[in-house]
Amino acid sequence: MLLWFRNDLRVTDNPALNFAIENGVTDAIFFISPRQWQTHHLAAIKIDFIYRHALLIKHQLAQLGISLALVEADSFADQKAYLLTNQHRQLIVNKELELNEMERDEALSHAGVEFIAFESDVVVPKGQILNQSGQMFKVFTPFKRAWLSWLRQHGFGICTHENILAMQNGSISNTIEIDSGKFAAGANKWPLADQVLQSLIPAFLENKLDRYQDQRDIPSIKGTSGLSPYLAIGAISPKYLLTLLLSRHPDLLSEQSAQAFSWLNELIWREFYRHLLFHFPHLIKGNVFNEKYAAIPWQTNETYLAAWQQGKTGYPIVDAAMRQLNQTGWMHNRLRMIVASFLTKHLLVDWRAGEQYFTEKLIDLDFAANNGGWQWSAGTGCDAQPYFRIFNPMTQSEKFDPQGKFIRKYLPELADIPDKYIHFPHEYIKVTGKANYWPAIVEHKAAREKALAFYKQHL
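Residues numbered from 1 in each chain as written. Predicted model: local features only at pLDDT ≥ 70, side-chain atom pairs only at ≥ 80, totals over all residues. Heavy atoms only, no water.

- An unreviewed UniProt entry annotates the protein chain as Deoxyribodipyrimidine photo-lyase originating from Thalassotalea euphylliae.
- Entered under Function (unreviewed entry) in the UniProt record, the comment concerning the protein chain runs "Involved in repair of UV radiation-induced DNA damage. Catalyzes the light-dependent monomerization (300-600 nm) of cyclobutyl pyrimidine dimers (in cis-syn configuration), which are formed between adjacent bases on the same DNA strand upon exposure to ultraviolet radiation."
- Its UniProt record, at the heading Catalytic activity (unreviewed entry), says of the protein chain: "cyclobutadipyrimidine (in DNA) = 2 pyrimidine residues (in DNA)." (UniProt positions renumbered as here; feature names shortened; annotations may be inferred.)

**Topic: the domain arrangement of the protein chain**
Link 1 in the chain: Assigned domains of the protein chain: these are domain 1 (2-118), domain 2 (130-165 + 192-280) and domain 3 (291-458).
Link 2 in the chain: On a C-alpha basis, the centroid separation for the pair domain 2 and domain 3 is 28 Å.
Link 3 in the chain: Of the roughly 1700 Å² buried at the junction of domain 2 and domain 3 (both faces included), carbon and sulfur atoms supply 62%.
Link 4 in the chain: The three residues of domain 2 that bury the most area against domain 3 are Asp 217, Pro 219 and Tyr 273, which together make up 37% of that side's buried surface.
Link 5 in the chain: Linking domain 2 with domain 3 are two salt bridges.
Link 6 in the chain: If you look at where domain 2 meets domain 3, you find seven residue pairs in polar contact (both at pLDDT 80 or more).
Link 7 in the chain: Of all elements in the fold, only helix H6 (140-154), helix H10 (228-232) and helix H12 (261-279) reach the threshold of two or more residues within the side of domain 2 that touches domain 3.
Link 8 in the chain: In terms of residue count, H12 provides more of the side of domain 2 that touches domain 3 than any other element does, seven residues in total.
Link 9 in the chain: By residue class, the composition of the side of domain 2 that touches domain 3 is twelve nonpolar, four polar and five charged. (Domains from an automatic or database assignment. Buried area = accessible area lost by both parts, 1.4 Å probe. Salt bridge = Lys/Arg side-chain N within 4 Å of Asp/Glu carboxyl O. Polar contact = N/O pair within 3.5 Å; in protein donor to acceptor, adjacent residues only side chain to side chain. Helix = DSSP H or I, 4+ residues; strand = E, 2+ residues; numbered from the N terminus. Nonpolar A, V, L, I, M, F, W, Y, C, P; charged D, E, K, R; others polar.)

**Some details on the side chain of Thr 344**
Link 1 in the chain: Within the secondary structure, Thr 344 sits in helix H15 (residues 333-346).
Link 2 in the chain: For Thr 344, a relative accessible area of 0% corresponds to the buried category.
Link 3 in the chain: With residues near it in sequence (within four places) discarded, Thr 344 still touches Trp 298, Val 349, Trp 351, Trp 374, Ser 377, Ala 378 and Tyr 455. (Buried < 20%, exposed > 50% of the residue type's maximum accessible area, 1.4 Å probe, protein only. Contact = heavy atoms within 4.5 Å.)

**Structural notes on the packing of helix H13 (residues 302-310) against helix H14 (residues 316-328)**
Each pair of packed helices can be summarised by the angle the axes make with each other and by the distance between the axes.
Link 1 in the chain: Two elements in contact, H13 and H14, have axes whose closest approach is 7 Å; the angle formed by their N-to-C orientations is 70 degrees. The angle between the axes of H13 and H14 places the two elements in the roughly perpendicular class. Contacts from Trp 308, Gln 309 and Gln 310 in H13 reach Val 318, Met 322 and Asn 326 in H14.
Link 2 in the chain: Residues belonging to the contact of H13 with H14 are distributed by class as follows: three nonpolar, three polar and no charged. (Axes fitted to C-alpha atoms, helices over the stretch in contact; angles between N-to-C directions. Parallel < 35°, antiparallel > 145°, perpendicular 65-115°, else oblique.)

**Structural notes on the sheet that holds strand S1 (residues 2-5)**
Hydrogen bonds between backbone atoms are what pair the strands of a sheet, whose relative direction is either parallel or antiparallel.
Link 1 in the chain: If you walk across this open sheet you meet the five strands as S3-S2-S1-S4-S5, and the pairing is parallel. With partners counted over all chains shown, the strands left at the sheet margins are strand S3 (67-72) and strand S5 (114-118), one partner each. Direction aside, neighbouring strands of the sheet carry axes that sit 30 degrees apart on average.
Link 2 in the chain: Across the sheet, helix H1 (residues 15-22) touches S1, strand S4 (90-94) and S5, and the angle it forms with S4 is around 140 degrees. (Pairing = 2+ DSSP bridges.)

**Here's the deal with the UniProt feature "site: Electron transfer via tryptophanyl radical" (unreviewed entry) in the protein chain**
Link 1 in the chain: In the UniProt entry, the feature "site: Electron transfer via tryptophanyl radical" (unreviewed entry) is given for Trp 298, Trp 351 and Trp 374. These annotated residues cover 77 residues of sequence, and their C-alpha atoms lie no more than 14.3 Å from one another, placing them together at a single site.
Link 2 in the chain: Looking at where Trp 351 falls in the secondary structure, it is placed in helix H16 (residues 351-361).
Link 3 in the chain: Sequence-distant contacts of Trp 351, that is, excluding residues within four places in its chain, are made with Gly 286, Asn 287, Val 288, Trp 298, Thr 344, Asn 371, Trp 374, Gln 375, Ala 378 and Thr 380.
Link 4 in the chain: Owing to a relative accessible area of 1%, Trp 374 belongs among the buried residues under this scheme.
Link 5 in the chain: In this view, Trp 374 contacts Trp 308, Ala 340, Leu 343, Thr 344, Trp 351, Gly 354, Glu 355 and Phe 358; residues no more than four positions away in its chain are not counted.

Okay, here's the thing in structure tokens:
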């Protein structure tokens, strides 16, 4: 038997690893697949983040008596060929959700490979949360109610072998500094998952959780957990996070009014999109969820798209957000909604162009969440905001960055603009000449009216 790590680079709550330890398996593999990752447009910063965690888990597994081979295989076909050539006929894995990965596993099965497979990427097993018609919920709120009800009724557990617990408790040292330099700089600004588990998560739960609801939408402060990159590569388990949360708030599954529930709500949104992709795998092929939007003739405007990508739209909150993405490989969630709405509803550019750009830049890229978020913003998705709801970038900026602290951080050319004008400084600049900032590429009111007419015409 061979333990195959994929999108599950962790030792804590890893059911495939647990099974391997219990059955005396001592060999494991992880494929380094640069060309495959590039084919899927993965950001260099995410590739480097994956590689650093592969080195970490190689170190951790060695302490557990398991040898992890890091094998370069450019494509899924190369992965298949390697496993068959080396006569690996029984593989222990955690299942992957995405279509190409499932097709690769199916091809291996047809070639005679046996999979011992577990589900490790969600709290509630996919396929369990269904409406009265036995179908996947198409609206988040009833999904959330059913998800919470299922957990209250069935409970859940995490699986971490006693050998791993011993390592985590310090009888085996698992502290290691890794700076791979394999693909790109930047990922090393994000600590490895072992440090996150040991210090950052406890600090978040202790110091930020009770203020999360009030601070999570303010991009100028670190009010979020910062755990999305680790969830995206499977370096941290969602079940483990929920266990920690419920240890502090044991009644949270029944108390939606509690401050801490707002963080749990974000975890449930993640579950919603992963369950959605399980039931509707065609979404991975660029299809809209709501078929009535399938024929919308999005405008092809490379000038608009480039201005948006470069943070040169003339709307400070949009431009600062895009600079954050381009410079750091991450963007605050509130800002993701603002820039997605702007691209699709102010500029009428196809949401798929934005989805791909996020894929190429984000360290925390998760296909299900990225696709769900973009289709939500464009109005084409499951439980999406309606087409006539169009974010006003100025009022969003005034509400969530009232003093322009975030804007000034990423647009230093606007550092001296008074708070009163920071959200749309063009008239002030025209009169005073105190900044060099590009003009707005569209006028908000006119763009809104154009978008409403565009959607109505093609629905």
